[in-house]
Every structure is written in C-alpha cells, then in structure tokens.
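Observations on the model geometry
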Amino acid sequence: MEKVIILKGPSQTGKTSTLLLMIQELKDKYQSHEIVQQDFEFSTTDKFVILKVPNLGNVGIITFGDPGRENDVQKVLQWCLEHDCMAVVGASRTRIYKNPPSVYKILRDFGHKHKAKVVETTPLRFHNNVGQHLQQDNVNTICANNIISILFNL
C-alpha cells in the first residue's frame, strides 16, 4: 500500500459525486477496468470498486463514509489488501472519534499502519456566492482530476 487519499467533508458536499466522476474518468481516459465491484443495496450511489489502472496498479475507491458504515469500510479495506492495491481513495465525514472509530479514523489509521502516504483533501465548495456561475458537476470534475493527479504524482 503506497497511498491513502481521504476525501473528507460534511454531508452533501460532493464527496460521492466527485469519486463517481473519478471512477468514470479513470475508465474513460486511462482505460482502467474494474476487477472488483460492490454496490450496496441500501443506496443507489454508494459503491466500492477496485480498478486496474495502467501504469499505476490496482486502486480501491470507496464512495461511502457516513457514520454507520465503519464495518463496511473495514471489510473493503481488507479486500484492497487482498487485491494488492497500491492506493485507496475513500470518502469520509470530517469527525474523528475513537469509540467506535469513525470512517475517517479507520482510513487514516489504515494508511499509517501500512506505511502509506496519507493525503487528506476536501471537495471544492462555493462560499458566499463566489463561483456560483460554475456548474457543480464541473467543480466536482476538477476535484476528481486533482485526486487522479495525486495518484499518479505523489
């Protein structure tokens, strides 16, 4: 495990949308393909995939990070290890708490335990009407491409 990237922020700030765009961008632009995919029956958007990314290796992407998903996150992190992922990208709320451990803490501790470079970032958000002329999908795409750049260049 070389890298763990945590896309963190409050609910409804574009984390899942950004990671779904990132998955599609890796498939379309980088000819990546899924070697593991898990949809979750309680959500139409939450998913976990492991992509084989040419010239990079296997990357696990976890789009869910809400409280109550801690056991799911631990399970898919184990799958990442079993599939020799060189990186994990996960969404998380920003809170850190120990009992029970938050998704954020689980991801951060996983990175440190496996001596990975841990990067924390946030989705791009509008404040005080600045940038309101931009479409949120365009902003999420910018964020997705930034994460892809971190994958390739860190």
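Small disclaimer: the values here were computed from a predicted structure and weren't measured.

**Let's talk about the state of the cysteines**
Within the structure shown, the criterion is met by 0 disulfides. The thiol of C80 is not disulfide-bonded; the next cysteine sulfur, from C85, is found 4.0 Å away.

**Concerning the packing of aromatic side chains**
Within this structure, the stated rule accounts for 2 aromatic pairs. With a centroid separation of 5.1 Å and an interplanar angle of 25°, the aromatic rings of Y30 and F152 are classed as stacked. Of the two residues, Y30 sits in helix α1 (residues 15–30) while F152 sits in helix α4 (residues 136–153), which places them 122 residues apart along the sequence. The class of Y30 is partly exposed, set by a relative accessible area of 24%. For the pair F48 and W79, a centre-to-centre distance of 5.7 Å together with 50° between the ring planes defines the contact as tilted. Of this pair, F48 sits in strand β3 (residues 47–53) while W79 sits in helix α2 (residues 70–82), placing them 31 residues apart in sequence.

About the thresholds
- Just so you know, the residues in each chain are numbered from 1, in the order the chain's sequence is written.
- Given that the model is predicted, a residue must reach a pLDDT of at least 70 before its local features are reported, and side-chain atom pairs must reach 80 or more before they are shown or counted; all residues, however, enter totals for whole chains, interfaces and linings.
- Each side-chain value is worked out from all heavy atoms of the structure, with water and hydrogens disregarded.
- Cysteine sulfurs are considered disulfide-paired once they come within 2.5 Å of each other.
- Stacked, tilted and edge-to-face are the three classes applied to pairs of Phe, Tyr and Trp rings, where Trp contributes its six-membered ring and a pair requires centres within 6.5 Å; stacked means planes under 30 degrees apart, edge-to-face means over 60, and tilted covers the rest.
- Comment: elements are numbered from the N terminus, with helices defined as DSSP H or I runs of at least four residues and strands as E runs of at least two.
- A simple rule labels every residue: compare its accessible area, found with a 1.4 Å probe on the protein chains alone, to the largest value its type can have, and call it buried under 20%, exposed over 50%, or partly exposed in between.

Note that every value here comes from positions in space, so none of it alone points to a role or purpose.
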